[in-house]
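Analysis of the macromolecular model
What follows is each chain in one-letter form.
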Amino acid sequence: MFFFRLFFCCCRQGNSGEETWTTRKETNKTIENTSGKGRSNLQKETESRGSTKIVTTPTRTTVSPVTIFPTRELLERNREKAQAHTNSEKEWEDVKFLGVGVFGYVRLLRNVKTEEFLAFKEVKCKPTTFPSEELIESIIHSQLDHENVIRLFFWRKVGQTLFMYLEYANGGSLGDLKEALAEHDALRYFEQLREGVDFLHSRGVVHRDIKPDNLLLTEDEVLKIADLGLCSIFVWRGVEVPQRGFVGTQNYMAPEIFTGRSYRGPPVDMWACGVVLFNMLTAGLPWRRAISNDNNYVLWVHRKKKIFSRKLWNTIEGLSSLSLLKRLLAVDPSERDSNWLQLPRQENTHQ
Ligand code: ATP
Ligand code: MG
């Protein structure tokens, strides 16, 4: 099943001209290339420095993975919910446009009788694969039920269009925040992010696109991880499976992804959580671009010199935040992983 996912992932790239990796956005790029072939100069440069140690040893034993081949029960449950929605279609009014993604738009629906809200995401499926990777995303997503992960209630596929009916987060996203958060607020959101990421990992799912735009908020300040479009399964028959490919949003991608070799799934999310925490604390990024001609990035990743003295780092006052960042942004993924397991929860919630 995992190899199906890998296969489908491989089929995702390919329409992007000379480079085989796909640029999904002009700014804050989300990138995908699971082939490992036709790597960009950035990757080749990073690779030639060869500073990243790849560890593929399985470490987690508590994972109870989601299935990517839907069970009859799962399909039946989905069919019933979709049917119930169709039956009450007249009760749902289209309230407003919520956002646009690369593959479609998201709108807000409101039930005039019950006052319930739903986020309605329409995605045009690429006809190249069957079942489409978007459908696999829905199958995975519908099995994920956690306070800090946007719920997918049900989906419908009509021709080449997939309709996803999602839990609505009414407070925007972390990407909307224009100023640095107070440390206790940043750590509170970080703790929720960590809960959500831990849950995904406990179900054998690695998100691979953790970034502020994909972290939605409710008006009660609950953080919800959204957009599982690049997620992948990292456990197959109880064994951890290495990830491959140039996948994610560049500034949030862990250094091992740029090497062109396989890498472990969970630590790439942990690194991205570190960059998100930095962003919440400073309203900026630790480097202008995760690229080998960016001085701060090179100092951190390749020369392993600490850049705490630099401008934005200086604005972080709390020692526990600095220590957290240092542990999450460990260049060695195995160090990152063990640090994550040891992060004291109390430390993250109270300052
Ligand atoms: P991209 O690849 O650009 O991240 P995408 O096609 O994967 O986009 P999403 O990230 O899922 O799409 O959604 C696009 C935008 O729609 C989000 O940034 C957010 O503003 C809004 N949105 C998506 N889902 C919800 C939701 N459940 N509640 C509220 N707003 C949402
Ligand atoms: Mg998104």
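Residues numbered from 1 in each chain as written. Chains lettered and ligands numbered in written order. Predicted model: local features only at pLDDT ≥ 70, side-chain atom pairs only at ≥ 80, totals over all residues. Heavy atoms only, no water.

To continue, consider the side chain of Arg336. Along the chain, the position of Arg336 falls in helix α10 (residues 333-342). Within the structure, the side chain of Arg336 is placed 3.2 Å from the backbone oxygen of Val331, a separation counted as a polar contact. Those residues in contact with Arg336 that lie beyond four places of it in its chain are Ala254, Pro255, Glu256, Pro267, Val268, Met270, Trp271, Arg327, Leu328, Ala330 and Val331. (Helix = DSSP H or I, 4+ residues; strand = E, 2+ residues; numbered from the N terminus. Polar contact = N/O pair within 3.5 Å; in protein donor to acceptor, adjacent residues only side chain to side chain. Contact = heavy atoms within 4.5 Å.)

All of the protein donors around the magnesium ion (ligand 2) are Asn214 (OD1) and Asp227 (OD); their distances to the metal are 2.2 Å. Pair noted here: Asn214 is in the loop between β8 (205-206) and β9 (215-217) and Asp227 is in the loop between β10 (223-225) and β11 (232-233), with a separation of 13 residues, a long-range link. (Donors = N, O, S within 2.8 Å, 3.2 Å for Na, K, Ca; no water.)

With the rule as written, the count across this model stands at 10 aromatic pairs. Judged by centre distance (5.1 Å) and plane angle (50 degrees), the ring pair of Phe120 and Tyr165 falls under tilted. Taken as a pair, Phe120 in strand β5 (residues 117-124) and Tyr165 in strand β7 (residues 161-166) lie far apart in primary sequence, 45 residues in all. As far as the burial class goes, Phe120 and Tyr165 line up, both buried. An angle of 25 degrees between the planes, with centres 5.9 Å apart, marks the rings of Trp271 and Trp287 as stacked. Here Trp271 is found in helix α6 (residues 265-282), whereas its partner Trp287 is found in the loop between α6 and α7 (295-302), with 16 residues between them in sequence. (Phe/Tyr/Trp six-rings, centres within 6.5 Å; stacked < 30°, edge-to-face > 60°. Buried < 20%, exposed > 50% of the residue type's maximum accessible area, 1.4 Å probe, protein only.)

Here the focus is the sheet that holds β5. Strand order across the open sheet formed by five strands is β3-β4-β5-β7-β6, with antiparallel pairing between neighbours. The sheet is open, and its two edges are formed by β3 (92-100) and β6 (152-158), each paired on a single side. On average, each strand axis in the sheet is tilted by 25 degrees relative to the strand beside it, whichever way the strands run. Looking at chain direction, β6 and β7 are connected through six bridges and run antiparallel. The partner of Trp155 across the bridge, within β7, is Met164. Contacts from helix α3 (residues 72-87) reach β3, β4 (105-111), β5, β6 and β7 within the one sheet, and its direction differs from that of β6 by about 80 degrees. (Pairing = 2+ DSSP bridges. Axes fitted to C-alpha atoms, helices over the stretch in contact; angles between N-to-C directions.)

Let us now look at the packing of helix α5 (residues 183-202) against helix α9 (residues 319-328). At their nearest, the axes of α5 and α9 sit 11 Å apart, and the two run at 35 degrees to each other. Seen along the crossing, α5 lies across α9 with a hand that is left-handed. Along the contact surface, α5 presents Glu183, Leu187 and Phe190, while α9 presents Ser320, Ser321, Leu324 and Leu328. (Left-handed = near helix turned anticlockwise from the far one by under 90°.)

Quick look at the side chain of Ser173 now. Structurally, Ser173 can be placed in the loop between β7 and α5. With relative accessibility at 8%, the residue Ser173 sits in the buried group. A polar side-chain atom of Ser173 sits 3.1 Å from the main-chain amide nitrogen of Gly175. If near-sequence neighbours (up to four positions away) are discounted, Ser173 is found in contact with Pro212, Asp213, Leu215, Leu216 and Leu217.

Moving on, we come to the packing of α6 against α10. With their axes 9 Å apart at the nearest point, α6 and α10 run at an angle of 75 degrees to one another. The angle between α6 and α10 places the two elements in the roughly perpendicular class. Listed contacts from α10 to Pro267, Val268, Met270, Trp271 and Cys273 of α6 are Pro333, Arg336, Asp337 and Trp340. Residues of the contact of α6 with α10, tallied by class, amount to seven nonpolar, no polar and two charged. (Parallel < 35°, antiparallel > 145°, perpendicular 65-115°, else oblique. Nonpolar A, V, L, I, M, F, W, Y, C, P; charged D, E, K, R; others polar.)

A few words on the nonpolar core. Core analysis: the biggest nonpolar cluster contains 64 residues, and Ile140, Phe190, Leu193, Val205, Ile210, Leu277 and Met280 have the highest contact counts within it. Only α4 (133-141), α5, β8, β9, β10, α6, α7 and α9 provide two or more residues apiece to this core. For this core, the element with the highest residue contribution is α6, accounting for 11 residues. Residues from two domains meet in this core; each of domain 1 (72-166) and domain 2 (174-342) gives at least three. Dropping the residues within four chain positions of it, Met280 is found in contact with Leu174, Ala180, Leu181, Ala186, Tyr189 and Phe190. Formed by 17 residues, the second largest nonpolar core is a distinct cluster that contains Val106, Ala119, Leu162 and Tyr168. (Core = buried A, V, L, I, M, F, W, Y, C linked by side-chain atoms within 4.5 Å. Domains from an automatic or database assignment.)

Tallied over the full model, the rule gives 18 salt bridges. Taking the shortest distance from any N to any O, the salt bridge between Glu240 and Arg264 comes out at 2.7 Å. Note that Glu240 is positioned in strand β13 (residues 239-240) and Arg264 in the loop between β14 (248-249) and α6, a separation of 24 residues in sequence. Each of the two residues, Glu240 as well as Arg264, counts as buried. Counted as one network, the salt bridges with shared partners bring together Asp145, Arg151, Glu167 and Lys224. (Salt bridge = Lys/Arg side-chain N within 4 Å of Asp/Glu carboxyl O.)

With that settled, consider the confidence of the model for the protein chain. Mean pLDDT over the protein chain stands at 80; residues scoring 70 or higher make up 77%. Low pLDDT, under 50, characterises residues 1-29; the stretch is placed with 88 contacts to residues that sit more than four places away or in other chains. Across residues 34-61, confidence stays below pLDDT 50; counting only partners more than four residues off in sequence or on other chains, it has 74 contacts. (pLDDT = per-residue confidence, 0-100.)

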